[in-house]
Amino acid sequence: MRTVSGEGSGKRDFTTRTLDGQAVLLLAVQALLGTANALSGTFLPIYLWKSSQSFAVIGWFNLTQFLVSGLTFWLAGKWVKEHNKMNSLRLGVALSGLFYFVVLLLGKSAVTYVVPLGTMIGIGNGLFWLAFNVVYFEVTEPGNRDRFNGWAGLLGSGAGIVAPWISGWLITVSTGERGYHIIFTVSSVIFAVAVVLSFWLKKRKASGTYEWLHGYRQLRQKGNPWRYAVAAIICQGVREGVYMFFIGLLVFLATKNEGKLGNFSLVTSLVALVSFWLVGRLLKPERRRAAMLIGAIAVTAVIAPLFWPLSYRTLLLFGIGTALFMPLYILPMTSTVFDLIGSTEDSAKKREEFVVLREAGLTAGRIVGVAAYLLVLPYMEQSTYVVPGLMLAVGAFPILGWWLMRGLVGRAARGRQETETSS
C-alpha cells in the first residue's frame, strides 16, 4: 500500500521514485539559478581579488554573506510559514539578479563595498533557499528525494560544465573589464527569467504559527535526534565555508588565467554530472549509510594532491576526485535531514522551523570555516603547507559529520522496511 504525504501530513512514501510536475518545475528554477551563479559567481572572487589584491576582502565578503543569509532564514521564517513562501522565493531570485547588476555598476570600486554587497546577496540567498527548501520538502517524498537531489546535482553540474567555460573564454578574449561586464549582465537576465518561471509554481497553503525558538528548544532536549543532525550539518558548513570560494581562487592564482578556471570547472562539473546521475539513480535509503562513509573518507583523501607543489594539474586532480565522491556524501546527508523533518506529522507541520534550524547549522559551520581562513591569512607567505593544511583541516569535517549522522542515516532503511512490512 502506498502512503501519500500531502502538505505536512507527516505520512511517508518510501515507494515512489517519480517526480511530479511541480518538482520538475522547481528543479528548472534551481537550474536557472545555478546557471546564473555559475556564469558570474565562479569569477566574482577573482574579480574582487584583481581589484583589491587582498585575500581578506574576499574573506569578509563571504563572512558577511553567510551571516546575513543565516539571519534572513530566521527572520523570514515567519513570512514563509504564515504568509506567502512563493513571494519569498521570487524576491530572493530578484535580489540575486540585482546584486550582479549593482556589481556591474560599481565596477572596480565594488571592493570598497564588500560588506553592503555581502549583505545584499546574503538576503537574496536567504529568502530563496528558505522558500526553496520548504517547497522541496512539500513536493518530494522519502522514496524520491534521492532522485530529486540527484537531478538537482546533475543540473547544477551541467550548468557548471558550460557556463564557467563560456565566462572564462569571454573574459580571456575581451579587453579590460568587458568580459566581466558581459557575464554579470547575462546573469542578471537569467535571474529575471527564473522569476518569471517561478509564477508557474503553485501558491502553497500557509498554515500554523511560526515559533521563533523552536530550533533552540530541539537542541535543549536530551536524546533529540536534531542534536546530532545539526552537529553534522555544522561539519558540512565548515568545509563549504572555505571551499565555496577558495578553490576557484587557487586555480586562478596557479594559472593567472580565467580561461583555465573555466576549463577546471568544465572538467570537474562533467565528472560531478556523471557521479550525481549514477548516485541519484542507484542510491536507496538502505544504502545511504555506507555511501556516506565512503564519500566522507574519499573527499578527505583527495586533498592529498594539494600538499604537492601548487599547480593546475594538482588542483585538477583534487577537483576531479572531489567531484567524483562528493555526491556519495551530500545526497544521503540532505535526504536524511529532510526525512527527519517529515518523520512525524508534528515535525512535518514545523517544516519551516526545521529548515531554519538546518540553515543555522550550515551558517555556524560556514562562519567557523571562513574564520579559520581569515586567521591563517597572515601565515600564508611563511610556509607552502599553510594552505593545504587549512584545506585538510576544514576538508576532513565530513568524516566527523558521518560519525554524527550514522545512526540517523540508518533510520531511513529501518523506516522503509517497517513501511513495506505494514503494507
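Values in this document were obtained by computation on a predicted structure and should not be read as measured data.

(A) Up close: the overall build of the protein. For the protein, the helix and strand inventory stands at 16 helices and 0 strands. At 21 Å, the protein has a C-alpha radius of gyration in line with the 22 Å of a compact globule built from 423 residues. Projecting the C-alpha coordinates of the protein onto the three principal axes gives extents of approximately 65 × 40 × 40 Å. For the protein, buried positions account for 58% of its 423 residues. On the protein, roughly 17500 Å² of surface is accessible, and the fraction owed to carbon and sulfur atoms is 65%.

(B) Here's a closer look at the layout of surface pockets. Considering only enclosed or pocket space, the largest pocket measures out at about 360 Å³ in volume. Leu310, Ser383, Thr384, Val387 and Pro388 are the residues nearest the centre of the largest pocket, which is lined by 17 residues in total. For the lining of the largest pocket, the elements supplying multiple residues, two or more each, are α9 (225-255) and α15 (386-395). When residues of the lining of the largest pocket are assigned to their parent elements, the largest contribution, 3 residues, is made by α9.

(C) Up close: the domain arrangement of the protein. When cut into domains, the protein gives domain 1 (21-202) and domain 2 (214-413). Placing the centre of domain 1 and that of domain 2 at their C-alpha centroids yields a distance of 19 Å. Listed by partner, the interface residues are 47 residues for domain 1 and 51 residues for domain 2. Surface buried jointly by domain 1 and domain 2 totals about 4200 Å² across both partners, of which 72% is contributed by carbon and sulfur atoms. Three residues, Phe55, Phe66 and Asp146, lead the burial of domain 1 against domain 2; their summed loss comes to 17% of the area buried on that side. Run the count over domain 1 and domain 2 and you get 4 salt bridges. With its nearest N and O atoms 2.7 Å apart, the salt bridge here joins Arg351 to Glu138.

What counts, and where the lines are drawn
- Per-chain numbering applies: the sequence of each chain, read as written, is numbered from 1 onward.
- Residue-level local features of this predicted model are given only where pLDDT is at least 70; pairs of side-chain atoms are given and counted only at 80 or more, and the full residue set underlies all totals for whole chains, interfaces and linings.
- Hydrogens and water molecules were not included; the side-chain quantities draw on all heavy atoms of the structure.
- Helix numbering and strand numbering both begin at the N terminus, where a helix is a DSSP run of H or I of at least 4 residues and a strand a DSSP run of E of at least 2.
- Computation of the radius of gyration draws on C-alpha atoms, with the globule rule given as 2.2 Å multiplied by the number of residues to the power 0.38.
- To sort residues, take the accessible area from a 1.4 Å probe on protein chains only and compare it with the maximum for the residue type: under 20% means buried, over 50% means exposed, and anything in between is partly exposed.
- What sets the accessible areas is the Shrake-Rupley method with a 1.4 Å probe; for residues, cover comes only from the shown protein chains.
- Only protein atoms enter the 1 Å grid used here. Points where a 1.4 Å probe fits but cannot escape make up a cavity, open sets with protein on both sides within 12 Å along at least five of seven lines make up a pocket, and a residue lines them when an atom lies within 4 Å of a point.
- Grid points are joined across faces, edges and corners, and a volume is the space filled by probe spheres set on the points.
- All the domain ranges listed were derived from an automatic or database domain assignment.
- Residues are treated as being in contact if the distance between any of their heavy atoms lies within 4.5 Å.
- Defined here as a combined quantity, buried area equals the accessible surface (1.4 Å probe) lost by two parts on assembly, summed across both.
- Salt bridge criterion: a side-chain nitrogen from Lys or Arg within 4 Å of a carboxyl oxygen from Asp or Glu.

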